Amino acid sequence: MKSVTILYRNNTNLNAIAFIKANLEEIFGQYAEFSNIFISELNPGDKLQADAFLALDDNVFQHANDYVDDIAKVIKINRSPDRSALNQISKIPTGKTVLIVNDSYESSLSTTQSFYEVGIGHINMVAYDESLEHTGLYDQIDIAITPAESHLVPSHITNIIDIGYRKVSFETMFKLMKLLDLDISTINRNLFRHIHSIVESNSAFHSSYVFGYLKSEMLSHIVNTSKIGMVLVDSYYEPVYVNDKACRIFQNDDKTSIRIEDYIDPAILTSPDASTTPIQILGGRYFFDKYTLRLMDEVAGYYITLQDELDVELASKSMRQKGFMAKHQFKDIIHASAGMDKVIQTAKQIAQTDHTVLIRGESGTGKELIAQSIHNASYRNKYPFVAVNCAALPDNLLESELFGYEPGAFTGAQSKGKVGLFEEANHGTIFLDEIGDISPKLQTRLLRTIQERQVMKVGSERVIDIDIRLITATNKNLEAAVREGEFRSDLFFRLNVLPIVLPPLRNRKDDIIVLLQHFLGNDFKNITNEEKNILLRYDWPGNIRELENISTYYKTLSALPEYVLQQSAPDNVYAKKANIRPTVLEIIGQNTEISHGIGRNALLQQLEKRNLRISDGNLRTLLSKLEEDGLITISKGRYGTRITEKGVAALANPDKSTTEDDMPL
């Protein structure tokens, strides 16, 4: 049991002292023992011993350092009125001046501020200072509010609203719970009740605590059903969280006393390389994995998983038989573009978590490749990866495939029933591709599955707990589908926890050549530079899948498909047909002034207006040729490109100098 000492100036208000002690005991119950100490009764040099100290006010807090062994153990008590007081105060007429009376001016001021902070503004509140009573300052006030200090109210005031002693604030209770390391369900339940019984202004802190606790409880429920031992440690390998399975592995029910290095060799624990062989822990053999958790560039801690060797072997055998395997890893993703590199780095970070992922991108961009890589980089990599194409199956069939069914659930059902794919993926990952195509009925069932982490077979009334990581993918605009009522907004937000957006191939053209080399293999040496340029200019509506198909076509017929050649005709073909050389010279002449010429970007825009297309590189080549022929001058800055006298003459008398169709652009 933890020991807590409450420090007071003196014992002049024993009723309030007893109330505070009882209030604390109501929250911490059998987990902490509280005792009262009065500063006025201590001798110089006295040192107090306890797990924590509570100081009643600022004055006591300042003197605490003289008597405690560690000032870090001292928490100043803040106090809050009981919520029932609001109802009484709300009945006071608007605009009325009211005296707030407590056992000191500081306490009266604190109580006044707490009422103002929670929005009580219809009355004028004055904090009572006993030293000013003789001045007549309070003679016109006929209502007083006091927290069980009626005997201190000036005698001429008969209308007294006694709101009872103020309770210890939620913030103080929370700090004490953390200092004593008593963040347990019983005390959190008591704090929940306490929040709703007091008046405090810090509603944001209250909400953050409530939401954080609920989230923690939900995650604990999920991880404690897992067959995997999970340990979260800080950067010094001190445990922050240990799930039930890990406690059983360590044979220790007291999570606060577990020292990881007592069970795992420090050399293995701190090694940057993953262990490929099982390690021994108290007679059992477990696969050990460690994942680094970072806050920006700083290591914040590590996530450790322990998987029973026998469980892994059985799961691997079953996975191989059923084909529930993820073949690809991040190293398999062929790319050279910065955009794709950023996607992969983000996905690697996401793989270290257990949150739901939504992968978005056009068809053929490699969404399943990313999903498999995330699974293989996660602690679930030794368990099934189940991929489902939601658009490939009719609604009823997809439901029975996902959730399974009982014997005789419908006409044509197998006599033994069927295990659903959610169950098959237990402890692993389920990947739902084309999630935007599922029906409203399935959207509702999926939402419940995500929320509860439970499934119910078709034709059954029994729920089955599942422990899975959910990854989904779509090429649809789900936001638009939500607006049009085709996709549930609550499901969308459940799925869109960790979004990954894959750029289309036309936006990462640095990847085209490296992918082409991968798909063509030895045949890559046969492709010409002109053919490469054609592929670089192509828009790739089918993305990587289309590039793979075109590579197959090229390996078979030693040529690019006709439709690619037509769409990607090089700009010099258009240039020759349009006799672009004199047109470029004409535009330069029209924009030549004494002080400036025309820039290359402006020149490209002028050509676009005339429906003429030329690449920036080919325009550079053309301008260089014109300069070489003495028709223009090219300068940096605002002078730009200007026509020469020879160029003006060439425009006036066009000849071969302005119409060289055979000129390489």
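No experiment lies behind these values; they were computed from the predicted model shown.

**A closer look at the overall build of the protein chain**
Along its length, the protein chain carries 26 helices and 26 strands. Entry remark: accessible area of the protein chain is about 33,800 Å², with carbon and sulfur atoms responsible for 49%.

**Brief notes about the pairing of strand β20 (residues 429–433)**
For β20, a buried count of five out of five residues is recorded, marking the element as mostly surrounded by other parts of the structure. Covered by surrounding structure in β20 are Thr-429, Phe-431 and Asp-433 together with Ile-430 and Leu-432, the residues of both alternating faces. Across five bridges, the pairing between strand β17 (residues 385–389) and β20 is parallel. Counted as the bridge partner of Ala-387 is Phe-431 from β20.

**Structural notes on helix α19 (residues 529–537)**
For α19, the set of buried residues is Glu-531, Lys-532, Ile-534 and Leu-535. In a view along the axis of α19, the buried residues occupy a sector of 155 degrees, so they form one face of it.

**A short note on the sheet that holds strand β11 (residues 229–234)**
Spatially, five strands are ordered β12-β11-β15-β14-β13 in an open sheet, and the strand pairing comes out antiparallel. Looking at strand neighbours, the two that pair on one side only are β12 (239–242) and β13 (279–281), the edges of this open sheet. This sheet shows a mean twist of 35 degrees between the axes of neighbouring strands, independent of strand direction. Across three bridges, β13 lies against strand β14 (residues 284–295) in antiparallel orientation. Each residue of the ladder has a partner; that of Gln-280, found in β14, is Arg-285.

**Quick look at empty space enclosed by the protein**
Inspection of every chain in the model, using the stated rule, returns three cavities of 30 Å³ or more. The space that makes up the second largest cavity amounts to roughly 40 Å³.

**With respect to the packing of helix α1 (residues 14–28) against helix α6 (residues 185–195)**
Packing of α1 against α6 leaves a shortest axis separation of 7 Å and a crossing angle of 130 degrees. If you check the angle between α1 and α6, you find them oblique. Across the interface between the two elements, Asn-23, Glu-26, Ile-27 and Phe-28 from α1 touch Ile-187, Asn-190, Leu-191 and His-194 from α6. Across the contact of α1 with α6, the residue classes tally to four nonpolar, three polar and one charged.

**Focus: the nonpolar core**
Counting 30 residues, the largest nonpolar core has Phe-422, Ile-430 and Leu-432 as the members making the most contacts within it. Sorting the residues of this core by element identifies β17, α13 (395–403), α14 (421–424), β20, α15 (440–452), α16 (478–483) and α17 (489–495) as the ones contributing at least two each. Among the elements that make up this core, the one with the highest residue count is α15 (four residues). If sequence neighbours within four positions are ignored, Ile-430 has contacts with Val-386, Val-388, Leu-402, Leu-421, Phe-422, Ala-425, Ile-468, Arg-469, Leu-470 and Ile-471. In this structure, Ile-77, Phe-170, Met-177 and Ile-195 belong to the second largest nonpolar core, which totals 28 residues.

**Topic: the packing of aromatic side chains**
For the structure on display, the rule yields 14 aromatic pairs. Here Tyr-291 and Tyr-303 contribute two aromatic rings whose centre-to-centre distance is 6.3 Å and whose plane-to-plane angle is 40 degrees, an arrangement assigned as tilted. One end of the pair, Tyr-291, is in strand β14; the other, Tyr-303, is in strand β15 (residues 298–308), with twelve residues separating them in the sequence. Here Tyr-291 matches Tyr-303 in class, with each residue buried. Taken together through their ring pairs, the aromatic side chains of Tyr-291, Tyr-303 and Tyr-379 make up a single cluster. We note Lys-290 situated over the ring of Tyr-302; from NZ or CZ to the ring centre the distance is 4.8 Å.

**Digging into the side chain of Thr-172**
Looking at the secondary structure, you find Thr-172 in helix α5 (residues 170–179). With a relative accessible area of 2%, Thr-172 lands in the buried category.

**Looking at the pattern of salt bridges**
Enumeration over the complete set of coordinates arrives at 27 salt bridges. Between Asp-57 and Arg-9 there is a salt bridge, with the nearest N and O atoms lying 3.1 Å from each other. Note that Asp-57 is positioned in the loop between β3 (52–55) and α2 (58–64) and Arg-9 in the loop between β1 (2–8) and α1, a separation of 48 residues in sequence. Residue class for Asp-57 comes out buried when judged on its relative accessible area of 17%. In this structure Arg-9 comes out as partly exposed when scored by relative accessible area, which is 38%. Overlapping salt bridges bring together Arg-259, Glu-261 and Asp-262 as one network.

**A look at the confidence of the model for the protein chain**
On average, residues of the protein chain score 86 in pLDDT, and 90% of them are at 70 or above. Predicted confidence is poor over residues 571–578, with pLDDT under 50, and the contacts of this stretch with residues over four places away or in other chains come to 13 contacts. Counting interchain partners and residues more than four positions distant, the pLDDT-below-50 stretch residues 661–665 has 14 contacts.

**Quick notes on the sheet that holds β3**
Backbone hydrogen bonds hold the strands of a sheet together, and the pairing may be parallel or antiparallel. Across the sheet, which stays open at both edges, the four strands sit in the order β2-β1-β3-β4 with parallel pairing between neighbours. Among the strands making up the open sheet, the edge pair consists of β2 (32–38) and β4 (74–76). Between one strand and the next, the sheet's axes are offset by a mean angle of 25 degrees, whatever the strand orientation. Strand direction decides the pairing type here: β1 and β3, joined by four bridges, are parallel. Considered in β3, the bridge of Val-4 is made with Ala-52. Those strands touched by α1 are β1, β2 and β3, and its axis lies near 160 degrees from that of β2.

What counts and what doesn't
Residues numbered from 1 in each chain as written. Predicted model: local features only at pLDDT ≥ 70, side-chain atom pairs only at ≥ 80, totals over all residues. Heavy atoms only, no water. Helix = DSSP H or I, 4+ residues; strand = E, 2+ residues; numbered from the N terminus. Areas by Shrake-Rupley, 256 points an atom, 1.4 Å probe, with all protein chains shown as cover. Buried < 20%, exposed > 50% of the residue type's maximum accessible area, 1.4 Å probe, protein only. Pairing = 2+ DSSP bridges. Arc of directions from axis to C-beta. Axes fitted to C-alpha atoms, helices over the stretch in contact; angles between N-to-C directions. 1 Å grid on protein atoms, 1.4 Å probe; cavity = no way out; pocket = protein on both sides within 12 Å on 5 of 7 lines; lining within 4 Å. Points joined across faces, edges and corners; volume = space filled by probe spheres on them. Parallel < 35°, antiparallel > 145°, perpendicular 65-115°, else oblique. Contact = heavy atoms within 4.5 Å. Nonpolar A, V, L, I, M, F, W, Y, C, P; charged D, E, K, R; others polar. Core = buried A, V, L, I, M, F, W, Y, C linked by side-chain atoms within 4.5 Å. Phe/Tyr/Trp six-rings, centres within 6.5 Å; stacked < 30°, edge-to-face > 60°. Lys NZ or Arg CZ within 6 Å of the ring centre and 35° of its normal. Salt bridge = Lys/Arg side-chain N within 4 Å of Asp/Glu carboxyl O. pLDDT = per-residue confidence, 0-100.

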